Amino acid sequence: MFSDGWEGCGTQSVFLTEQLARAGYVVAAPDHRDAGCSVEGRKLPRFHLPELPFTAPGRWIEFSYDDRREDLERTLDWMLESPDFSASIEPSRLGAMGHSLGGYSVLGLTGAWKSWKDPRIAAVLALSPYVRPFLPHGRLSNIRVPVMYQGAQFDLGITPSLRGPSGAFAQSEGPKYYAELQGGSHFEWTNAACFGHSRVEDCLQERTNARLIVDYTLAFFDRYLKQCPERLSRLNGAGLRAYQHAGQP
């Protein structure tokens, strides 16, 4: 499952979700209530005020953006019961991935908010996730599945909260991974990464960060959902600004 960022939508990161599908994953990406675009292609954007200020993480509680948890749970339930998709899904190999507020959402879903926890999720990938509500009380240590965080050098609003002795990576249990891109902003994980390219293949060939995002995403999910460690074991951080991992490989 993919959860988009605030005012994003299910199609905001097609270069990544398409590659997951090409690699054999069934990808479900719902629009959330705060969507500023749409998987249905309606002529938007719409503008929404944040439910709570992103500058006041201490005010966020387990009910903050709880509608996103409901969206993801309903999506997962529907996919598992769908005559079109259920036969293609292995229920013991479910992963969750989210960007920005979507990263907050999938981390909450895997235990950072205890009341959100869905034990069906076997691995979680957080792309420049908004983690500040979880940090003061060490809530990320409640996640008991493999986790990968991805950040970017110039993602100044988010990435600093992922690294360092009190950051998200340090507070998480293993197996855990941290990959930081050279250069790049908060929107490196959106379709903006491939601006000017009409084909995903061309983008991945010419945009290093887009290729690295795809490479590390596929390697992580292959390791923990397909039990195929080869791709991840070959990655050593080449091309990244920083790469860390800890816990059982």
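Residues numbered from 1 in each chain as written. Predicted model: local features only at pLDDT ≥ 70, side-chain atom pairs only at ≥ 80, totals over all residues. Heavy atoms only, no water.

**Q** How should the environment of A242 be read in this particular structure?
**A** You can see A242 is positioned in strand 6 (residues 240-246). Taking the C-alpha atoms as reference points, A242 and A170, 72 residues apart in sequence, are found 14 Å from one another. Setting aside its immediate chain neighbours within four residues, A242 contacts Y178, A179 and E180. (Helix = DSSP H or I, 4+ residues; strand = E, 2+ residues; numbered from the N terminus. Contact = heavy atoms within 4.5 Å.)

**Q** Explain the pattern of salt bridges here, please?
**A** Two side chains that carry opposite charge are able to pair once their charged atoms sit near each other. Within the structure shown, the criterion is met by 17 salt bridges. One salt bridge in this structure joins E70 and R69, with 3.9 Å as the shortest N-O distance. Residue classification places E70 among the partly exposed residues on the basis of a relative accessible area of 29%. Between R211 and D215 there is a salt bridge, with its nearest N and O atoms 3.6 Å apart. Of this pair, R211 and D215 are both found in helix 6 (residues 208-225), four residues apart, which corresponds to roughly one turn of the helix. Residue classification places R211 among the partly exposed positions, given a relative accessible area of 34%. Put simply, D66, R69, E70 and R74 are held in one network by salt bridges that share partners. (Salt bridge = Lys/Arg side-chain N within 4 Å of Asp/Glu carboxyl O. Buried < 20%, exposed > 50% of the residue type's maximum accessible area, 1.4 Å probe, protein only.)

**Q** When you look at the packing of helix 2 (residues 66-81) against helix 3 (residues 101-112) in this model, what are you seeing that I'm missing?
**A** Pairs of packed helices are described in terms of their axes, by the angle between the two and the distance that separates them. Axis separation between helix 2 and helix 3 bottoms out at 10 Å; the angle between their running directions is 70°. Considering their axes alone, helix 2 and helix 3 lie roughly perpendicular with respect to each other. Where helix 2 crosses over helix 3, the handedness of that crossing is right-handed. In this structure, helix 2 contributes R68, R69, L72 and E73 to the contact, and helix 3 contributes L101, G102, S105, V106 and L109. For the contact of helix 2 with helix 3, a count of residues per class yields four nonpolar, two polar and three charged. (Axes fitted to C-alpha atoms, helices over the stretch in contact; angles between N-to-C directions. Parallel < 35°, antiparallel > 145°, perpendicular 65-115°, else oblique. Left-handed = near helix turned anticlockwise from the far one by under 90°. Nonpolar A, V, L, I, M, F, W, Y, C, P; charged D, E, K, R; others polar.)

**Q** Any chance you could explain the state of the cysteines here in plain terms?
**A** Should the sulfur atoms of two cysteines be covalently bonded, the bond is a disulfide. Per the counting criterion, the structure on display carries one disulfide. Note on cysteine connectivity: C194 is disulfide-linked to C203, with sulfurs 1.9 Å apart. Across the disulfide from C194 to C203, rotation about the S-S bond amounts to roughly -75°, and the bridge is consequently left-handed. Judged by its relative accessible area of 11%, C194 is buried. (Disulfide = S-S within 2.5 Å.)

**Q** For this particular structure, what's the right way to read helix 6?
**A** An α-helix turns once every 3.6 residues. As a result, residues three or four positions apart point the same way. When the terminal C-alpha atoms of helix 6 are compared, their 25 Å separation across 18 residues agrees well with the 26 Å that a helix rising 1.5 Å per residue should span. Q227 lies just past helix 6 and shows a positive phi near 60°. (Expected span 1.5 Å × (residues − 1).)

**Q** What exactly am I supposed to notice about the side chain of N209 here?
**A** The topology assignment puts N209 in helix 6. Look past the residues within four positions of N209 in its chain and what remains in contact with it is L181, Q182, G183, G184 and E188.

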